[in-house]
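Each chain, letter by letter, is given below.
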Amino acid sequence: MLRKNRLFTPGPTPLLPAAQNAMAAYSAHHRTAEFRALFSRVLADLKEFIGTKNDVIVLTASGTGLMEASISNLTSPGDRVLVLTAGKFGERWTSLAKAFGCAIETVAAPYGNTIPLDEVRTKLTPDVRCVYVQATESSTGARHDVEAMSKLVRALPDTLLVVDAITGLGTTRFDADGWGIDLIIGGSQKALMIPPGLAYGAVSERAWQRMEKTKSPRYYFDLRKERKAAEKSETAYTPATSLFAGLAAALDYIRQLGEGNLSAGRDELIANAELCAAMTRAGVEALGYKLFAPKSPAAALTAIAAPAGIDSSTIVKRFREQFGAVVANGQAEMKGQLFRIAHLGYYDYLDTVGVLAALEHVTAEVTGRSVDFGSAVRAAQEVYAKGH
Ligand SMILES: *Cc1c(COP(=O)(O)O)cnc(C)c1O
């Protein structure tokens, strides 16, 4: 049979055809009226997508670039920071904070769990300069309670809250301004349906003021330079121009999903991810699999524990070889223990039913047990019938 190559990975995600066409056609120089018009349109649309009145900045970098900027711009060496971590991306916060000489306190939860709020309450003292957390931990498929954490942080006057929402934006509801998030971070290759290469975020007034006093070294990722350049509808350095063209097309598509209203389209995208995730959870559980983060599963992706005695690498390999489907293995020490199926961005009903149907065959092949074909699909169908 034919095998179409399909990504089911939590970044990069499948590309929106309209965005691909826009990228292929774009050739404007970045110091022109044409690019300035595109750039200011993208900034305005991103504000609506994020749901913020704060300044939005876009860096030509992968998501980690803006994570790094959130350390280098908002801290000085020796500053106390609190890292809330329950996975590989949480650990990235610790590594970044270490690289810039912060004094790091952590609240850590085992992989697959969410951050224990009681412990956050204990460790969140007024001398903590910044709190760093993920909205959705893509390495484990868990969603953290950002709203509850914001309440704790906002009770302190001088503590900033930075949220890695790189797989959270477009899959999870946020009220960034209402909750008082000081920097919320997204990445282009996730729910926005375009290739890797842009990191975006919304910066609060509190965070801009902090940047005037902090002393960590920064150059390319100096957010103040980007803010100043954006006043003239420009970027500080040469941007990935074609990705901006793709992003504008993707934001147009999201606006169409909302019948002309971008924030309604964003909510539609979130509802889509939630339904695809709920269908997937029902499907894999019907096949006897256990969810890796059952207590608080994200809509961005579903992480599924490998059956006892089976390395998830064989499942990942089967998917690719037999069906052309790229699902993600566990990261680092979780490799072999789980596999991950994404729902963020350009996924639909047929993708979801298809990947579950393929999983029925993959399961039969790798476990050698007989599988009741249609059982995963049936469970997903029932969720769809109730939920669409
Ligand atoms: C993808 C991702 C990142 C960023 O990774 P990059 O490879 O730098 O784009 C950070 N955090 C989370 C939760 C992610 O899913």
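Residues numbered from 1 in each chain as written. Predicted model: local features only at pLDDT ≥ 70, side-chain atom pairs only at ≥ 80, totals over all residues. Heavy atoms only, no water.

All right, on to the packing of helix H13 (residues 349-367) against helix H14 (residues 375-387) then. As a packed pair, H13 and H14 sit with axes 8 Å apart at the nearest point and diverge in direction by 155°. Regarding the angle of H13 to H14, the classification is roughly antiparallel. Regarding H13 and H14, the two cross each other, and that crossing is right-handed. Within the contact between the two elements, H13 uses Tyr349, Val353, Leu356, Ala357 and Glu360 and H14 uses Ser375, Ala376, Val377, Ala380, Gln381 and Tyr384. (Axes fitted to C-alpha atoms, helices over the stretch in contact; angles between N-to-C directions. Helix = DSSP H or I, 4+ residues; strand = E, 2+ residues; numbered from the N terminus. Parallel < 35°, antiparallel > 145°, perpendicular 65-115°, else oblique. Left-handed = near helix turned anticlockwise from the far one by under 90°. Contact = heavy atoms within 4.5 Å.)

Right, let's get into the domain arrangement of the protein chain. Buried accessible area, meaning the area lost when the parts come together, often serves as the stated size of an interface. By the assigned domains, the protein chain splits into domain 1 (6-12 + 261-387) and domain 2 (17-257). Between domain 1 and domain 2, the C-alpha centre-to-centre distance is 27 Å. Contact with domain 1, which involves 33 residues of that partner, is made by 34 residues of domain 2. Counting the contacts that link domain 1 with domain 2 gives 2 salt bridges. Lys88 is paired through a salt bridge with Glu333; the nearest N and O atoms lie 3.1 Å apart. The leading source of residues in the side of domain 1 that touches domain 2 is helix H11 (residues 262-286), at 10 residues. (Domains from an automatic or database assignment. Salt bridge = Lys/Arg side-chain N within 4 Å of Asp/Glu carboxyl O.)

Let's shift gears to the site of the ligand. Near the ligand lie 13 residues; those nearest to it are Ser62, Thr64, Ser138, Asp164 and Lys190. Thr64 is positioned such that a nitrogen or oxygen atom in its side chain is 2.4 Å from an oxygen atom of the ligand. Separating an oxygen atom of the ligand from a side-chain N or O atom of Ser138 is a distance of 2.5 Å. Relative to its unbound accessible area of 380 Å², the ligand is 88% covered by the protein chains. Broken down by secondary-structure element, the contributors of at least two residues to the shell around the ligand are helix H3 (63-72) and helix H4 (88-99). Among the elements that take part in the shell around the ligand, H3 stands out by supplying 3 residues, more than any other. When the residues that make up the shell around the ligand are grouped by side-chain class, the tally is 3 nonpolar, 7 polar and 3 charged. (Near = heavy atom within 4 Å. Polar contact = N/O pair within 3.5 Å; in protein donor to acceptor, adjacent residues only side chain to side chain. Areas by Shrake-Rupley, 256 points an atom, 1.4 Å probe, with all protein chains shown as cover. Nonpolar A, V, L, I, M, F, W, Y, C, P; charged D, E, K, R; others polar.)

Glancing now at the packing of aromatic side chains. Inspection of every chain in the model, using the stated rule, returns 12 aromatic pairs. Centroid distance Phe174 to Trp179: 6.2 Å. Interplanar angle 70°. Geometry classified as edge-to-face. Classification of Trp179 by relative accessible area gives buried; the value is 17%. Measuring from centroid to centroid gives 5.8 Å for Tyr253 and Tyr346, while their planes differ by 80°, and the two rings are edge-to-face. With Tyr253 in helix H10 (residues 241-257) and Tyr346 in the loop between strand S14 (338-342) and H13, the pair connects residues that are 93 residues apart, well separated along the chain. Note on Tyr253: relative accessible area 24%, which makes it partly exposed. (Phe/Tyr/Trp six-rings, centres within 6.5 Å; stacked < 30°, edge-to-face > 60°. Buried < 20%, exposed > 50% of the residue type's maximum accessible area, 1.4 Å probe, protein only.)

In this structure, the largest pocket spans a volume of roughly 430 Å³. Lining the largest pocket are 20 residues, with Pro14, Tyr346, Tyr347, Asp348 and Asp351 sitting closest to its centre. Those elements that place two or more of their residues in the lining of the largest pocket are strand S1 (6-7), H10 and H11. No other element matches H11, which puts 5 residues into the lining of the largest pocket. Taken together, the residues of the lining of the largest pocket break down into 12 nonpolar, 3 polar and 5 charged. Mapped onto the domain boundaries, the lining of the largest pocket takes at least three residues apiece from domain 1 (6-12 + 261-387) and domain 2 (17-257). Roughly 290 Å³ of volume is contained in the second largest pocket. Lining the second largest pocket we find 14 residues, and of these Lys4, Arg6, Phe323, Gly354 and Ala358 sit closest to its centre. Elements represented by at least two residues in the lining of the second largest pocket include exactly helix H12 (312-323) and H13. (1 Å grid on protein atoms, 1.4 Å probe; cavity = no way out; pocket = protein on both sides within 12 Å on 5 of 7 lines; lining within 4 Å. Points joined across faces, edges and corners; volume = space filled by probe spheres on them.)

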